[in-house]
Amino acid sequence: MDMQFGFRRASFEPKDRAIAVQMRDFGYTGAKLARLQQRIARTSLGEKITDTERRNLGLDGRITRRDFINGALAAGGASLAAETHGAARSDTFTGYGGVGDYAKANGNTLPVVQSAHALRDGRYSEAELNAGFEAGGFDLVIVGGGIAGLTAAHRYRQLKGNAARILIIDNHAMLGGEAKQNEFEVDGIRLLGPQGSNDFGLPRVGGASLTDRFFAEFSIPTEFEWQAWDPGLNKIRFARDNYSNMDGFQETQLDVGHYFDTKQGAQAPHWRKNIWSKQLAETPFSALERRDLLRWRANHGPVTPSEERYLDTITYRDYLENVRGYDPAVTRMVEPIVGLLAGVSTDAACARLGRQLVEAEDRPMAVSFPGGNSPFARALLRSLLPSALPGNDFDTLMYQRVDFAVLDRPKESVNVRLNATALRVRHAGDGVEVVYEQGGKIFKAQTPRVVMASGGWINKHVLADIPEDLKAAYEQFIYAPALIVNVALRQWRFLYDLGFAACRWFDDADGFGYCCNIRQNMVTREHSPPLHPDKPAVLSFYLGLPVPGLPAAAQGMAARARLYNTSYADFEIKVRRQMSRLFADAGFKPERDIAAIVLNRWGHARLIEPPGFHFGADGRPSPLERVRLGYGRIAIGHSELNGAQHWGSALEYGKKAAEQAASV
């Protein structure tokens, strides 16, 4: 099946002029392009599956998220209908989205991808853009309804008063950017999992940091209750987020199982628990590999400013193998972590990023809300439109349904328009004209000032009068995708019997991901799901899709091609195969244990930082510096302007953009 998202599935052939130009810009022509096509095709082909394997993987079973057309999954991926709990019919790309407010907004859904690519490929004529319906006048228009955009609206109202007319447009079906959640209902139990953004350090009461003040301003608790663990069960130490299990640095606080098979030198596949706490003694690594892995793990001291600048000039692989002299086993160990957190492999990411993101000390464990960082966006929404999210306590902030009818009422000073894609932003007379598409129609809004809180990958296509130096800076912003998969389980005794709820394995071309975990979630008065191996829970997978050996920009584009050219059905097969490979011997049965699977595809989840990006190279300043300035009446404030997407960066630059806009 040809998914038509910029690359055709099996051949990885450029589909249109825009893609062909990008490929040529990256130096891929002739035989070099053909080799790249073949390489990506090997990871993008449809999954072949026999009737026997289909039954063994539970694909014939009726589960929460869908019925397959004709009751069966065809070889290589089939069309599917996602019609459960009143959910609308879905598609072979998006798949099932769960229930609740976020059911139509699981990552970059098919409508989001199609509208963005139509803009990128120049499918709107000048005549169409000029003939849009008038959408009214506003004091401020904000493009992007993630944490940065919502923060900009909140701060602008603080500066200009609650009567200021603000329009927020967002191309998803729900606000929050990547700080959104998946929701499930399994056996009468409501479960939540993060779509992407999750993890925060506990704030300091009375602290002066921006995030400390955010908790105080929005009355978000700083102490939490956690799911109780039955003292009659064997002790398991759980993570309270989805990152602490990835790198081994938190093993003093949680239990992590590592899976080894013959590819790592094991005589037979087996699990080992808390390998770092045992100095790798029970692993199949050689003595040299163990020595250097332990040396790497001990190298987590602070990085001085001068070291930081030096580390920005080399790749993380160069740092590991040449500067530090570690065995390549260290590179193999960290490769999937870097692929997720930096978006590209160790041979393309700068060493500064590797040292900061991967080589962390054994610090207090970060925590997360059940749905990731979604409550931060919900708190901002409540401050702007209280009737859209009624209530004033933590329970309703977390679990109250959003009244979508309130978001775009004429009588409100803040209007939020969802499923709306910005097409053109440019100065016009004494103000700015914003052209956007919603529901198949094109609209034009007039405003004295604009905040671009959408990511750089879209801004460079939307800003029609962008200055040349800003355009050149944005051309250095390159992105990589991430995939977050939440699997709703009816029970997880197979993990309990292994003695842990967090898992790590070693990525390979035939596998899926490298880590997953079940969290211990915070509970409230109104919502306290059980934490028990015989009860439902969410198992979350976080993974990047790096392509080692390619330059950073080409890796990002190739990874997106793989992400977008793989159907929901093919990813489902990969997930089920991986879980069966890991857990079948412990009693896992996919047809019995899996209740639902939701994919969250984020095509531009990571701003790639190759050497020289953060501090600049060849005497040029960092492109970050130029983008932060904006131009004219257009302020720019998206989350990656510190170099990496993070909810704290979204707060910081959303606030700064609002202050800049208010000063115009």
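The model shown is predicted, which means the values in this text are computed figures rather than measured ones.

**Section: the environment of arginine 592**
- Here arginine 592 shows up in helix H20 (residues 590-593).
- Arginine 592 sits 103 residues away from leucine 489 along the chain, and the two C-alpha atoms are 8.9 Å apart.
- Among all residues touching arginine 592, those that are not within four sequence positions of it are Arg490, Gln491 and Gly587.

**Section: the sheet that holds strand S13 (residues 431-438)**
- Read from one edge of the open sheet, four strands run S3-S14-S13-S12, paired in mixed fashion. Here the strands that pair on one side only, and so sit at the sheet edges, are strand S3 (133-137) and strand S12 (420-428). Neighbouring strand axes in the sheet, compared pairwise and without regard to direction, differ in orientation by 25 degrees on average.
- Sheet topology note: the S12/S13 ladder contains eight bridges and is antiparallel. Bridging from a neighbouring strand, histidine 427 pairs with valine 432 of S13.

**Some points on helix H10 (residues 316-323)**
- All buried positions along H10 are accounted for by Tyr316, Tyr319 and Leu320. Summarising the axial view, the buried residues of H10 lie within an arc of 90 degrees, below the 170-degree limit, and thus occupy one face.
- After H10 finishes, the residue glycine 325 shows a positive phi value of roughly 75 degrees.

**Overview of the pairing of strand S21 (residues 594-607)**
- The buried count for S21 comes to 14 of 14 residues, which makes it a mostly enclosed element.
- The pairing of strand S16 (residues 479-489) with S21 spans ten bridges and is classified as antiparallel. In the strand pairing of S21, asparagine 486 is matched with valine 598.

**Brief notes about the packing of aromatic side chains**
- By the definition in use, this model includes 40 aromatic pairs.
- Taking the centre distance of 5.4 Å and the plane angle of 65 degrees together, the rings of tyrosine 243 and tyrosine 542 count as edge-to-face. Here tyrosine 542 lies in strand S20 (residues 537-544) and tyrosine 243 lies in the loop between strand S8 (225-226) and strand S9 (256-260), a separation of 299 residues in the sequence.
- A ring pair is formed by tryptophan 505 and phenylalanine 541, whose centres lie 6.1 Å apart and whose planes are at 70 degrees; its orientation type is edge-to-face. Of this pair, tryptophan 505 sits in the loop between strand S17 (502-504) and strand S18 (515-517) while phenylalanine 541 sits in strand S20, and the two are 36 residues apart along the sequence.
- Among the residues examined, tryptophan 505 registers a relative accessible area of 0% and is labelled buried.
- Residue class for phenylalanine 541 comes out buried when judged on its relative accessible area of 0%.
- Taken together, the aromatic side chains of Phe200, Phe214, Phe215, Phe218, Phe224, Trp226, Phe369, Phe376, Phe394 and Trp647 make up a single cluster linked through ring pairs.
- Positioned above the aromatic ring of phenylalanine 506, the side-chain terminus of arginine 504 is 5.4 Å from the ring centre.

**A few points about the side chain of asparagine 245**
- Along the chain, asparagine 245 falls in the loop between S8 and S9.
- When its relative accessible area of 1% is taken as the criterion, asparagine 245 is described as buried.
- Beyond its immediate stretch of four places on either side in the chain, asparagine 245 contacts Leu254, Val256, Ala502, Cys503, Cys515, Cys516 and Asn517.

**So, the packing of helix H8 (residues 287-298) against helix H11 (residues 328-341)**
- Between H8 and H11, whose axes approach to 8 Å, the crossing angle comes to 55 degrees. By the angle class used here, H8 and H11 are oblique. Note that H8 runs across H11; the crossing there is right-handed. Contact with H8, carried on its side by Glu289, Asp292, Leu293 and Trp296, involves Ala329, Val330, Arg332, Met333 and Val334 of H11 and no other residues of that element.

**Some words on H8**
- Over its twelve residues, H8 extends 17 Å from the first C-alpha to the last, a length consistent with the 16 Å expected when each residue adds 1.5 Å.
- Three or more residues of H8 are buried, namely Glu289, Asp292, Leu293, Trp296 and Arg297. Taken down its axis, H8 places every buried residue within 140 degrees of arc, on the same side. Looking at H8, the residues exposed on the side facing more than 90 degrees away from the buried face are Ala287 and Ala298.

**Topic: the pattern of salt bridges**
- With the rule as written, the count across this model stands at 34 salt bridges.
- Linking glutamate 526 and arginine 525 is a salt bridge whose minimum nitrogen-to-oxygen distance equals 3.3 Å.
- With relative accessibility at 65%, the residue arginine 525 sits in the exposed group.
- A salt bridge links arginine 592 to aspartate 593, with the nearest nitrogen and oxygen atoms 2.6 Å apart.
- Overall, aspartate 593 belongs to the buried group, its relative accessible area being 0%.
- Here the residues in one salt-bridge network are Glu126, Arg424, Arg426 and Glu433, joined through shared partners.

**Focus: the sheet that holds S18**
- Strand order in the open sheet formed by seven strands is S10-S9-S17-S18-S20-S16-S21, with mixed pairing between adjacent strands. In this open sheet, the two strands that pair with only one neighbour each are strand S10 (270-273) and S21. Strand-to-strand twist of the sheet, defined as the mean angle between neighbouring strand axes without regard to direction, takes the value 20 degrees.
- The pairing of S9 with S10 spans four bridges and is antiparallel. Bridging across to S10, histidine 258 finds its partner in arginine 272.
- Where helix H18 (residues 552-565) meets the sheet, it contacts S16 and S21, and its direction lies at approximately 30 degrees from that of S16.

**Topic: the state of the cysteines**
- Enumeration according to the criterion identifies zero disulfides in this entry.
- There is no disulfide at cysteine 515, and the cysteine sulfur nearest it, in cysteine 516, is 7.1 Å away.
- Note on cysteine 516: no disulfide assigned, nearest cysteine sulfur contributed by cysteine 503 at a separation of 4.2 Å.
- Overall, cysteine 516 belongs to the buried group, its relative accessible area being 0%.

**Details of the confidence of the model for the protein chain**
- In the predicted model, the protein chain carries a mean pLDDT of 88, and 88% of its residues have values of at least 70.
- Throughout residues 1-19 the model reports pLDDT below 50, and contacts reaching past four residues in sequence, or to other chains, amount to 58 contacts.
- Here residues 65-90 is a poorly scored stretch, pLDDT under 50, and it has 68 contacts once near neighbours within four places are set aside; other chains count.

Conventions and cut-offs
Residues numbered from 1 in each chain as written. Predicted model: local features only at pLDDT ≥ 70, side-chain atom pairs only at ≥ 80, totals over all residues. Heavy atoms only, no water. Helix = DSSP H or I, 4+ residues; strand = E, 2+ residues; numbered from the N terminus. Contact = heavy atoms within 4.5 Å. Pairing = 2+ DSSP bridges. Axes fitted to C-alpha atoms, helices over the stretch in contact; angles between N-to-C directions. Buried < 20%, exposed > 50% of the residue type's maximum accessible area, 1.4 Å probe, protein only. Arc of directions from axis to C-beta. Phe/Tyr/Trp six-rings, centres within 6.5 Å; stacked < 30°, edge-to-face > 60°. Lys NZ or Arg CZ within 6 Å of the ring centre and 35° of its normal. Parallel < 35°, antiparallel > 145°, perpendicular 65-115°, else oblique. Left-handed = near helix turned anticlockwise from the far one by under 90°. Expected span 1.5 Å × (residues − 1). Salt bridge = Lys/Arg side-chain N within 4 Å of Asp/Glu carboxyl O. Disulfide = S-S within 2.5 Å. pLDDT = per-residue confidence, 0-100.

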